[in-house]
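Geometric and topological summary
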Amino acid sequence: MGECDGCEGWGMNPREATLDAYLKLIARLGADDGVVAARREMLRRLLARLAGAKRTSGDYHAHVGGFVADCGQSERVLAITCAREFYYFWLDDMKKMVEMTARAGFSIHNPDFPWHGDFNALLGAMRESGFSRFPPSLGLYLGKSFEDGADEADIRQREHLLKALLFLLDPHPPTSSHYRMAVDALLQHLADAAARQQLLALVREYFGYWQSFPFSHHRKSGAR
């Protein structure tokens, strides 16, 4: 997909054509009209911010942070998802687009992840709801952490973070795209940069457990 291929015939400038290509892809993958419309509106806002920017990784990332920060809290997970998925269209990297499609790297839903203000408020909401539906992967991961020599305080912190993640994820299908979105939602509750980095390392490590040891009803249904 060259930057100007077919643009004149479509009556679009190259960046509009890139946006159109992304939206057509997620529609082919199963996104409904409402999802497509919401992402079109979100990405047009991002493209407005990128006006004058070069089609490079550096220019893209330099603008995305401000774009997300300017969105309302209720919009930020969608903004991050759109920016992540649109990235390789912006770079016109067909190889990466194909790889993402093959590994279900594009999402077709815009799930709602509530924002509770900060991490302590999120834990409070979880306790008040009486939530306790944690998959086998949590206990197995924490047990392995203990076996590997993690101390009690470290294990307790991992448990709090992962329980908050699973609380956010619980209403949604157990797919890798929803996992990424739940991580993005949880990051919005952490103001400290070090805590955010700790979370990212943790969720990367936990992801394999989460995929391999789900609830039995998810395993039987083949949901991933």
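So, here's what we can say about the structure. Just so you know, these numbers come straight off a predicted model, no measurement behind them. (Residues numbered from 1 in each chain as written. Predicted model: local features only at pLDDT ≥ 70, side-chain atom pairs only at ≥ 80, totals over all residues. Heavy atoms only, no water.)

1. As for helix α8 (residues 136–147)
If you check α8, its first and last C-alpha atoms are 17 Å apart, about what 12 residues at 1.5 Å a residue would give, namely 16 Å. Taken together, the buried positions of α8 are occupied by Ser137, Leu138, Tyr141, Leu142 and Ser145. Buried residues of α8, viewed axially, fall in a sector of 125 degrees; they line one side. Along α8, exposed side chains directed more than 90 degrees from the buried face belong to Phe146 and Glu147. In this fold, the buried residues of α8 make contact with α9 (152–169) and α11 (193–212). (Helix = DSSP H or I, 4+ residues; strand = E, 2+ residues; numbered from the N terminus. Expected span 1.5 Å × (residues − 1). Buried < 20%, exposed > 50% of the residue type's maximum accessible area, 1.4 Å probe, protein only. Arc of directions from axis to C-beta. Contact = heavy atoms within 4.5 Å.)

2. So, the side chain of Arg39
Along the chain, Arg39 turns up in helix α3 (residues 33–49). In this structure the side chain of Arg39 is engaged in a polar contact, spanning 2.9 Å, whose partner is the side chain of Ser107. Leave out the neighbours within four places in its chain, and Arg39 touches Tyr22, Leu23, Ile26, Leu78, Thr81, Cys82, Glu85, Ser107, Ile108, His109, Asn110 and Met181. (Polar contact = N/O pair within 3.5 Å; in protein donor to acceptor, adjacent residues only side chain to side chain.)

3. Concerning the pattern of salt bridges
A complete count under the given rule lists 13 salt bridges for this structure. In this structure, the salt-bridge partner of Arg133 is Asp170, at a minimum N-O distance of 2.6 Å. Taken together, the positions of Arg133 in the loop between α7 (119–129) and α8 and Asp170 in the loop between α9 and α10 (176–187) put the pair 37 residues apart, joining distant regions of the chain. Of the charged contacts, one joins Arg158 and Glu205 as a salt bridge, the two residues approaching to 3.6 Å between their closest N and O atoms. Taken together, the residues span a long stretch of sequence, with Arg158 in helix α9 and Glu205 in helix α11 at a distance of 47 residues. With a relative accessible area of 45%, Glu205 lands in the partly exposed category. Each of Glu41, Arg45 and Glu75 takes part in a single network of salt bridges with overlapping partners. (Salt bridge = Lys/Arg side-chain N within 4 Å of Asp/Glu carboxyl O.)

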